[in-house]
Amino acid sequence: MKKILPLACALALGLGLTAARAATLAQDTQELRFNGIIDPTTLNGDEFGLHLSYGYFFADNIQAGGRIGLLDNDLVTTMDLGAYVEYNVDTGSEIMPFGELFAGLANVDIEGSGGDNTAGLMELRAGAKFFLAEHIALAAAGVFAYATENIYPDSGKLRDNDVFLEFSLRCYF
């Protein structure tokens, strides 16, 4: 009996995943994207981050949009705003690879630096979306970020670039 319940759960989950198919990201589709961070154990103290994005597909599988974000920890408080263009590869399955280019500005307050800095941002993303349902996807992407100022905390120093993984929830309508 102990082995039947996990097997039944795995089978039900597998059947549910195969029922989800990638939505065609056709022209005039809109996207809301949410990604966030809550981490109470960073080198820079408690960290909170939230990014909200809105995108519009001006052609099949190609969208443009805007993003606003906030990141706060004991060392750095950053507010950013910018625009992005994203290309999606329709594979006909529930997994859809994508690439994205983001450009924007960030207002950065670094503790102990005596003021705010404004930095230009450029980010490249490459990842994949997994459609849970026709209008909802989870996405994971590798991100390379570059800034015109040293704004990214790394091992007690600030750098002008960063590499990280990003996870997001995307809703289509």
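Our structure is the block above this text.
Residues numbered from 1 in each chain as written. Predicted model: local features only at pLDDT ≥ 70, side-chain atom pairs only at ≥ 80, totals over all residues. Heavy atoms only, no water.

(A) Structural context of unusual backbone geometry. Phi is positive for Asp-28, close to 80 degrees, though the residue is something other than glycine. Within the secondary structure, Asp-28 is located in the loop between α1 (4-19) and β1 (30-42). Owing to a relative accessible area of 47%, Asp-28 belongs among the partly exposed residues under this scheme. Even without glycine at this site, Asn-61 takes up a positive phi of about 65 degrees. (Helix = DSSP H or I, 4+ residues; strand = E, 2+ residues; numbered from the N terminus. Buried < 20%, exposed > 50% of the residue type's maximum accessible area, 1.4 Å probe, protein only.)

(B) Geometry of the environment of Arg-33. Within the secondary structure layout, Arg-33 lies in strand β1. Counting along the chain gives 34 residues from Arg-33 to Arg-67, while the straight-line C-alpha distance between them is 8.9 Å. Filtering out sequence-adjacent residues up to four positions away, Arg-33 remains in contact with His-51, Leu-52, Ser-53, Gln-63, Tyr-84, Glu-86, Glu-100, Ser-168, Leu-169 and Arg-170. A distance of 3.0 Å separates the side chain of Arg-33 from the side chain of Glu-100, its partner in a polar contact. (Contact = heavy atoms within 4.5 Å. Polar contact = N/O pair within 3.5 Å; in protein donor to acceptor, adjacent residues only side chain to side chain.)

(C) Looking closely at the layout of surface pockets. Each pocket or cavity is described by its volume, and for the largest pocket that value is around 750 Å³. Along the wall of the largest pocket there are 33 residues; nearest its centre are Ile-37, Glu-47, Leu-71, Asp-162 and Phe-164. Contributions of two or more residues to the lining of the largest pocket are made by β1, β2 (45-59), β3 (62-72), β4 (76-88), β6 (116-133), β8 (152-154) and β10 (161-172). Of the residues contributing to the lining of the largest pocket, the split by class is 14 nonpolar, 10 polar and 9 charged. (1 Å grid on protein atoms, 1.4 Å probe; cavity = no way out; pocket = protein on both sides within 12 Å on 5 of 7 lines; lining within 4 Å. Points joined across faces, edges and corners; volume = space filled by probe spheres on them. Nonpolar A, V, L, I, M, F, W, Y, C, P; charged D, E, K, R; others polar.)

(D) Representation of the pattern of salt bridges in the model. Applying the stated rule across the entire model yields 12 salt bridges. Salt-bridge contacts for Arg-170 lead to Glu-86; the nearest nitrogen and oxygen are separated by 2.9 Å. With Arg-170 in strand β10 and Glu-86 in strand β4, this residue pair connects regions lying 84 residues apart in the sequence. Residues Arg-170 and Glu-86 agree in their burial class; the two are buried. Taken together, the shared-partner salt bridges connect Glu-31, Arg-33, Arg-67, Asp-80, Glu-86, Glu-100, Glu-123, Arg-125, Lys-129, Glu-166 and Arg-170 into one network. (Salt bridge = Lys/Arg side-chain N within 4 Å of Asp/Glu carboxyl O.)

(E) Representation of the side chain of Gln-63. Positionally, Gln-63 belongs in strand β3. Only 3.2 Å separates the side chain of Gln-63 from the side chain of Glu-31, close enough to count as a polar contact. A polar contact is formed between the side chain of Gln-63 and the side chain of Tyr-84, at a distance of 3.4 Å. Ignoring any residue separated from it by four or fewer positions in sequence, one finds Gln-63 in contact with Glu-31, Arg-33, Gly-55, Tyr-56, Phe-57, Phe-58, Tyr-84, Val-85, Glu-86, Lys-129 and Arg-170.

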